[in-house]
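# Coordinate analysis (summary)
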Amino acid sequence: MKSGTVAVIGRSNAGKSTLVNVLVGEKVAIVSPKPQTTRDRILGILNEENLQIVFADTPGIYKAENALTDLMMRTAENAAKDVDLILYVHDGHKGLTERDISLMKKYLGMGVPMVIAYTKTDIMPEKQIPEDVKTLYENGIECDIVPVSARKGKNLSLLKKTLAEKLPEGDPLFPDDVISDKSARFMIGEILREKILLGYDKEIPHGVAVIVNKFEKRSDKDIYDIDADIVCEKPAHKAILIGKQGSALKETLAHARKSMEDFLGSKVFLTAFVKVKEDWRDKASLMREMGYGEDGR
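These notes cover the structure that comes with them. All of these numbers come straight from a predicted model, not from anything done at the bench.

Direction vectors running N to C along helix α1 (residues 16–24) and helix α5 (residues 156–166) enclose 85 degrees, while the axes themselves pass 11 Å from each other. In terms of orientation, α1 and α5 fall into the roughly perpendicular class. Contact with α1, carried on its side by Leu-19, Val-22 and Leu-23, involves Leu-156, Leu-159 and Lys-160 of α5 and no other residues of that element. Taken together, the residues of the contact of α1 with α5 break down into five nonpolar, no polar and one charged.

Put into structure tokens, the structure is as follows:
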């Protein structure tokens, strides 16, 4: 069988996590239209007959602004070094810039086979695709380029086939009933953070971390008790997260609880409190407390 690891690399908001979720067939990473949604390396595992692809979804390439984003960029860099294949995800809808070409050349030059997934083709002029492909080849980007739409499911079979052809023969790296290396507890925290990313504007979501203090299933009932802290950087951000008479927080928790119940297949009793830890993204000890560090979460 074909079995191997694939680092999913690309700029912020290119659609990496959405593509991995669709390819794996389950939600293994949160998604939002905001940069820096993915903070950790998350494995999503595609299991098919005679094929296992272990996708390492990585933080989007983004200019480091603090210690946390610097750590995220190192996570992406390191993920690309010890894999069988790099899947570089490019947002075709945003066009093609010199920065895009420079990044592709960088990863193409790492000595690891690379495939480019040219995404979001469902919301862009179709004639732009061959023009961009021609530009890439003229600039020395000589690798397979597969135009896809994760939202519409376009060309995903072709992408999987292209990836499989470049992977080595070997035994599966994980049992065939495993779809991620992350725990349910981790995903619960990420689901809450996803709802904050989707529900609040501007800089507030980027300074938010979620700590799951309690994640327990009641022994006598099909109910999970979940308690979490939502950590932000400024008192003013805390006030916005909570909202007038707690309205904003209540709405966020209601959306999060519904998604948690869908994910767990069980009822959820969710409580959360908002706390302030100023500039935690620039303090190593606080970053470790939030679950971010060299050893991951």
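The rest of the description comes next.
All right, on to unusual backbone geometry then. Phi angles above zero are rare outside glycine, and Asn-50 is one such case at about 60 degrees. Note on placement: Asn-50 falls in the loop between β2 (42–48) and β3 (51–57). Positive phi, normally seen in glycine, also occurs at Gln-245, with a value near 55 degrees. By secondary structure assignment, the location of Gln-245 is in the loop between α7 (235–242) and α8 (247–264).

If you trace the backbone, Leu-249 turns up in helix α8. For Leu-249, a relative accessible area of 13% gives the class buried. Along the chain, Leu-249 and Lys-238 lie 11 residues apart, while their C-alpha atoms are 9.9 Å from each other. In contact with Leu-249, not counting residues within four places along its chain, are Tyr-200, Ile-230, Leu-241, Ile-242, Ala-272 and Val-274.

Our focus in this paragraph is the environment of Ile-86. As for its placement among the helices and strands, Ile-86 is situated in strand β4 (residues 85–91). Ile-86 gets classed as buried once you look at its relative accessible area, which sits at 0%. Sequence separation between Ile-86 and Ser-3 is 83 residues, and the spatial gap between their C-alpha atoms is 14 Å. Those residues within four positions of Ile-86 in sequence are excluded, and the remaining contacts are Val-6, Ala-7, Ile-9, Ala-80, Tyr-107, Met-110, Val-112, Pro-113, Met-114 and Val-115.

A word on the nonpolar core. If you look at the biggest cluster of nonpolar residues, it comprises 26 residues, and the most contacted ones within it are Leu-192, Ile-196, Ile-226, Ile-230, Leu-241 and Met-260. A per-element tally of this core places α8 first, with six residues. Among the nonpolar cores identified, the runner-up in size contains 25 residues, and Leu-46, Phe-55, Val-148 and Leu-159 belong to it.

This next bit is on the sheet that holds β4. Spatial strand order, β2-β3-β1-β4-β5-β6: six strands in an open sheet with mixed pairing. Each having just a single partner strand, β2 and β6 (144–147) make up the two edges of the open sheet. Neighbouring strand axes in the sheet, compared pairwise and without regard to direction, differ in orientation by 25 degrees on average. In terms of strand pairing, strand β5 (residues 114–119) meets β6 through four bridges, oriented parallel. Pairing of Ile-116 across the sheet is with Ile-145, part of β6.

Once that is clear, we can look at the side chain of Asp-132. Locating Asp-132 in the fold gives a position in helix α4 (residues 128–138). In this structure, Asp-132 is buried with no salt-bridge partner, the nearest side chain bearing the opposite charge being Lys-134 at 11 Å. A polar side-chain atom of Asp-132 sits 2.6 Å from a polar atom in the side chain of Tyr-118. Excluding residues that lie within four positions of it along the chain, Asp-132 makes contacts with Gly-95, Leu-96 and Tyr-118.

About the thresholds
Residues numbered from 1 in each chain as written. Predicted model: local features only at pLDDT ≥ 70, side-chain atom pairs only at ≥ 80, totals over all residues. Heavy atoms only, no water. Axes fitted to C-alpha atoms, helices over the stretch in contact; angles between N-to-C directions. Helix = DSSP H or I, 4+ residues; strand = E, 2+ residues; numbered from the N terminus. Parallel < 35°, antiparallel > 145°, perpendicular 65-115°, else oblique. Contact = heavy atoms within 4.5 Å. Nonpolar A, V, L, I, M, F, W, Y, C, P; charged D, E, K, R; others polar. Buried < 20%, exposed > 50% of the residue type's maximum accessible area, 1.4 Å probe, protein only. Core = buried A, V, L, I, M, F, W, Y, C linked by side-chain atoms within 4.5 Å. Pairing = 2+ DSSP bridges. Lys, Arg positive; Asp, Glu negative; His and termini not counted. Salt bridge = Lys/Arg side-chain N within 4 Å of Asp/Glu carboxyl O. Polar contact = N/O pair within 3.5 Å; in protein donor to acceptor, adjacent residues only side chain to side chain.

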